[in-house]
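Each chain, letter by letter, is given below.
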Amino acid sequence: MPGGVAALATAVLDLVFPALCPVCETRLGAGRRDPLCGGCWDAIARIAPPYCDACGMPGPPCCARCAAEPRVWDYARSAARYEGPLREALHAFKFGARRALARPLGDLLVEQCAAALPQGVACVVPVPLAWERERERGFNQARLLAERVATRLGVPLRPRWVARVRTTQPQSDLSAEARWANVLGAFRASAAAAGRHVLVVDDVFTTGATLAACTRALRDAGAARIGVLTVARVV
Ligand SMILES: [Zn+2]
Ligand SMILES: [Zn+2]
């Protein structure tokens, strides 16, 4: 459909069935980033400098955690704090199957983080979802986000470069310490990653355990540089 016709069709549909924001359930209106309304989009608590260069935590250039023990990845960035409308949007995306949210949430990641990314990113790799969870949900949220990020950055998506090699419990059911053991050695990366600068994408950075396990797999496969990008960061 040509752009003008598509825009007109959207406008007509909006009159008949007004599009409602999945977070606040109001009409989308001005500043909308479909399917998010302009109000929720603007209220996202974006993370701006200063932040920890190693893990993306708002605060000094090296946080206490990263000072105590270097991270396995080379750098990590998150677009915004995991709170308010972003937390609700991620919940609707994952558990309410609102797949269309991948677009504004992926855009948030790129718009907030792309300018500060090192040069030479070869590809984007989503964190693989546990097989049972993907079957239940029908999709992997990290993959949808990674697709959008790859498109916006103009680099290829490599969804098979990191795979799960054993089952794990949902991280959300576990304590912070138990999360590290749960995912230790749970991933394997493709030899194709050797010598590449890889960007790993996920929805939320909580303890960083899953991201660290994926990064370790990529390191073992010989990746040259590994960055981690998440839409949200638990602060
Ligand atoms: Zn809203
Ligand atoms: Zn840090």
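Residues numbered from 1 in each chain as written. Chains lettered and ligands numbered in written order. Predicted model: local features only at pLDDT ≥ 70, side-chain atom pairs only at ≥ 80, totals over all residues. Heavy atoms only, no water.

Looking at the secondary structure, you find Asp-202 in strand β5 (residues 197-205). On the accessibility criterion, Asp-202 (9% relative accessible area) is buried. Taking the C-alpha atoms as reference, Asp-202 lies 9.8 Å from Leu-129; in sequence the two are 73 residues apart. If sequence neighbours within four positions are ignored, Asp-202 has contacts with Val-127, Ala-142, Leu-145, Leu-211, Leu-229, Thr-230 and Val-231. (Helix = DSSP H or I, 4+ residues; strand = E, 2+ residues; numbered from the N terminus. Buried < 20%, exposed > 50% of the residue type's maximum accessible area, 1.4 Å probe, protein only. Contact = heavy atoms within 4.5 Å.)

Around the zinc ion (ligand 1), the donor atoms from the protein are Cys-21 (SG), Cys-24 (SG), Cys-37 (SG) and Cys-40 (SG), and they sit 2.3 Å away. The site at the zinc ion (ligand 1) holds 4 donor atoms, and with the angles between them running 103 to 114 degrees, its shape is tetrahedral. The sequence pattern formed by the donor residues of the zinc ion (ligand 1) is C-x2-C-x12-C-x2-C. One end of the pair, Cys-21, is in the loop between α1 (3-16) and α2 (38-43); the other, Cys-40, is in helix α2, and 19 residues separate them in sequence. Judged by relative accessible area, which is 1%, Cys-21 ranks as buried. (Donors = N, O, S within 2.8 Å, 3.2 Å for Na, K, Ca; no water. Tetrahedral: all angles 85-135°; square planar, octahedral: opposite > 155°, others 65-115°.)

Glancing now at the domain arrangement of the chain. Under the domain assignment, the chain is made up of domain 1 (1-43) and domain 2 (45-233). Centre-to-centre separation of domain 1 and domain 2, based on C-alpha positions: 28 Å. With 11 residues of domain 1 in contact, the opposing surface of domain 2 contributes 13 residues. Taken over both partners, the interface formed by domain 1 and domain 2 buries close to 1000 Å², and the fraction arising from carbon and sulfur atoms is 60%. Per-residue buried area on domain 1 facing domain 2 is highest for Val-23, Pro-35 and Trp-41; these three make up 46% of the total on that side. Summed over the shared surface of domain 1 and domain 2, the result is 2 salt bridges. Connecting domain 1 to domain 2 are 3 residue pairs in polar contact (both at pLDDT 80 or more). (Domains from an automatic or database assignment. Buried area = accessible area lost by both parts, 1.4 Å probe. Salt bridge = Lys/Arg side-chain N within 4 Å of Asp/Glu carboxyl O. Polar contact = N/O pair within 3.5 Å; in protein donor to acceptor, adjacent residues only side chain to side chain.)

Enumeration according to the criterion identifies 2 aromatic pairs in this entry. Relative to Phe-205, the ring of Trp-73 lies with its centre 5.8 Å away and its plane at 80 degrees, an arrangement referred to as edge-to-face. On the criterion of sequence distance, the pair formed by Trp-73 in the loop between α3 (64-68) and β1 (75-81) and Phe-205 in strand β5 is long-range, its members being 132 residues apart. Here the two residues Trp-73 and Phe-205 agree in accessibility, since each one is buried. Here the aromatic rings of Phe-93 and Phe-139 are separated by 6.0 Å at their centres, their planes lie at 35 degrees, and the arrangement is tilted. With Phe-93 in helix α4 (residues 84-95) and Phe-139 in the loop between α6 (131-137) and α7 (141-153), this residue pair connects regions lying 46 residues apart in the sequence. For the pair shown, Phe-93 and Phe-139 are each scored as buried. Over the aromatic face of Trp-41 sits the side chain of Arg-46, whose NZ or CZ is 4.9 Å from the ring centroid. A cation over an aromatic ring shows up here: Arg-233 above the ring of Phe-205, its NZ or CZ 3.8 Å from the ring centre. (Phe/Tyr/Trp six-rings, centres within 6.5 Å; stacked < 30°, edge-to-face > 60°. Lys NZ or Arg CZ within 6 Å of the ring centre and 35° of its normal.)

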